[in-house]
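Summary of the model geometry
What follows is the residue order along each chain.
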Amino acid sequence: MTSASQHQPRVALVTGAGRGIGRGIATALGARNWRVLVNYRSDADSAASCVQQIEDSGGEARSIQADVASADGRATLLRESLAAWGGVDLLVNNAGMAPRQRVDILEMSEASYDEVMGVNLRGPFFLTQAIARHMLAAERGGTIINISSMSAVVASTSRGEYCISKAGMGMMTKLFADRLADQGILVYELRPGIVETDMTAVVLERYQRLVAEGLTPIRRLGLPEDVARACLAIVEGHFPFSTGEVINVDGGQHLQRL
Ligand code: NAP
């Protein structure tokens, strides 16, 4: 459990929270008395509707437009986050992107590599650095949750830049977990499998068929709520003696099977 006062609602910053998994996390937190900062990059309507959904459930939320891949965007995000309610107790690094085109690694462009790494790894790394400095100065502990992917360990040669970015997030989780544990800041990595969102919409039919044929021991696609429930288990204090931990939320897809 974060060490912030239990009497004041705690503040969560969820990146990429207007749609998909981030929205599932943001709305679940909002329904449990967290104040939620809903970051988005370009889809202002979705972010506004996420804020509305949280407010309709009795919670408090604000949206913040910022591109996590840019240093200016992260500075804006930090400034506006701290201005909203005076601090951040939970950072969820959720914003992410798939390559714009799935291309074999022998053909992958440097531009695609740089873009995906910027959004999925460099951005979250330096945002975490900035928020961690704030958490340390505030001396009230905190929690950081990184949404990586089963692609951290499963090779897909048509989206290598994505896999590399998520594998890097795995080491990022370990590094910050080690560095921050003494100050009461715990760091976790959630590895979703195939989750029904806009990101997977283009390959949904193929994935549905594979899952029906037994790709995953639990024969269904994941939902944003599945990832949100894992987040809640962490922030509600059920892993107080764990940090740097990986929790797979993938229907068992990571299991090696014969
Ligand atoms: P999604 O539906 O495509 O939504 C992506 C979200 O990230 C959007 O809210 C988007 O903002 C935001 N975003 C993208 N680039 C951003 C940037 N540079 N700065 C700020 N926000 C940015 O994706 P999703 O499926 O929910 O995925 C969420 C996370 O889970 C990602 O990190 C993804 O890699 C990971 N994941 C997804 C799956 C899956 O099967 N869906 C599986 C494993 C891991 P806008 O709305 O403004 O565009």
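For the structure itself, look to the data block above.
Residues numbered from 1 in each chain as written. Predicted model: local features only at pLDDT ≥ 70, side-chain atom pairs only at ≥ 80, totals over all residues. Heavy atoms only, no water.

**A word on the packing of helix α4 (residues 110-138) against helix α5 (residues 160-180)**
A packed helix pair is summarised by two numbers, namely the angle formed by the two axes and the spacing between the axes. Between α4 and α5, the shortest axis-to-axis distance is 9 Å and the interhelical angle comes to 15°. Considered as vectors, α4 and α5 are oriented roughly parallel to each other. Here α4 runs over α5; the crossing is right-handed. For the pair α4 and α5, the contacting residues are Ser112, Tyr113, Val116, Met117, Asn120, Leu121, Pro124, Phe125, Thr128, Gln129, Ala132 and Leu136 in the first and Glu161, Tyr162, Ile164, Ser165, Lys166, Gly168, Met169, Met172, Phe176 and Leu180 in the second. Tallied by class, residues from the contact of α4 with α5 come to 14 nonpolar, six polar and two charged. (Axes fitted to C-alpha atoms, helices over the stretch in contact; angles between N-to-C directions. Helix = DSSP H or I, 4+ residues; strand = E, 2+ residues; numbered from the N terminus. Parallel < 35°, antiparallel > 145°, perpendicular 65-115°, else oblique. Left-handed = near helix turned anticlockwise from the far one by under 90°. Contact = heavy atoms within 4.5 Å. Nonpolar A, V, L, I, M, F, W, Y, C, P; charged D, E, K, R; others polar.)

**Observations concerning the pairing of strand β6 (residues 185-192)**
Taken across its eight residues, β6 has eight buried, putting it largely inside the fold. Neither face of β6 is open: one carries Ile185, Val187, Glu189 and Arg191, the other Leu186, Tyr188, Leu190 and Pro192, and all of them are buried. As defined by bridge partners, strand β5 (residues 142-147) adjoins β6 across six bridges and the pair is classed as parallel. Its bridge partner being in β6, asparagine 146 is matched across the sheet by glutamate 189. Taken together, β5, α5 and β6 constitute a β-α-β crossover, and its handedness is right-handed. Taken together, the five bridges between β6 and strand β7 (residues 245-249) define a ladder with parallel strand orientation. Residue pairing in the sheet places proline 192 in a bridge with valine 249 of β7. (Buried < 20%, exposed > 50% of the residue type's maximum accessible area, 1.4 Å probe, protein only. Pairing = 2+ DSSP bridges. Right-handed = clockwise from strand over helix to strand, strands pointing away.)

**Let's talk about the site of the ligand**
Taken together, 30 residues form the shell around the ligand, and within it Ser42, Asp67, Asn94, Tyr162 and Thr197 come nearest. Isoleucine 21 places a polar main-chain atom, nitrogen or oxygen, 2.8 Å from an oxygen atom of the ligand. Threonine 197 is positioned such that a nitrogen or oxygen atom in its side chain is 2.5 Å from an oxygen atom of the ligand. Relative to its free-state accessible area of 900 Å², the ligand is covered by the protein chains to the extent of 96%. Elements with a contribution of two residues or more to the shell around the ligand: α1 (20-30), β2 (35-40), α5 and α6 (198-201). The class makeup of the residues in the shell around the ligand is twelve nonpolar, twelve polar and six charged. (Near = heavy atom within 4 Å. Polar contact = N/O pair within 3.5 Å; in protein donor to acceptor, adjacent residues only side chain to side chain. Areas by Shrake-Rupley, 256 points an atom, 1.4 Å probe, with all protein chains shown as cover.)

**Some words on the side chain of asparagine 94**
In this structure, asparagine 94 sits in the loop between β4 (90-93) and α4. Judged by relative accessible area, which is 11%, asparagine 94 ranks as buried. In this view, asparagine 94 contacts Val14, Thr15, Gly16, Ile21, Gly22 and Ile147; residues no more than four positions away in its chain are not counted.

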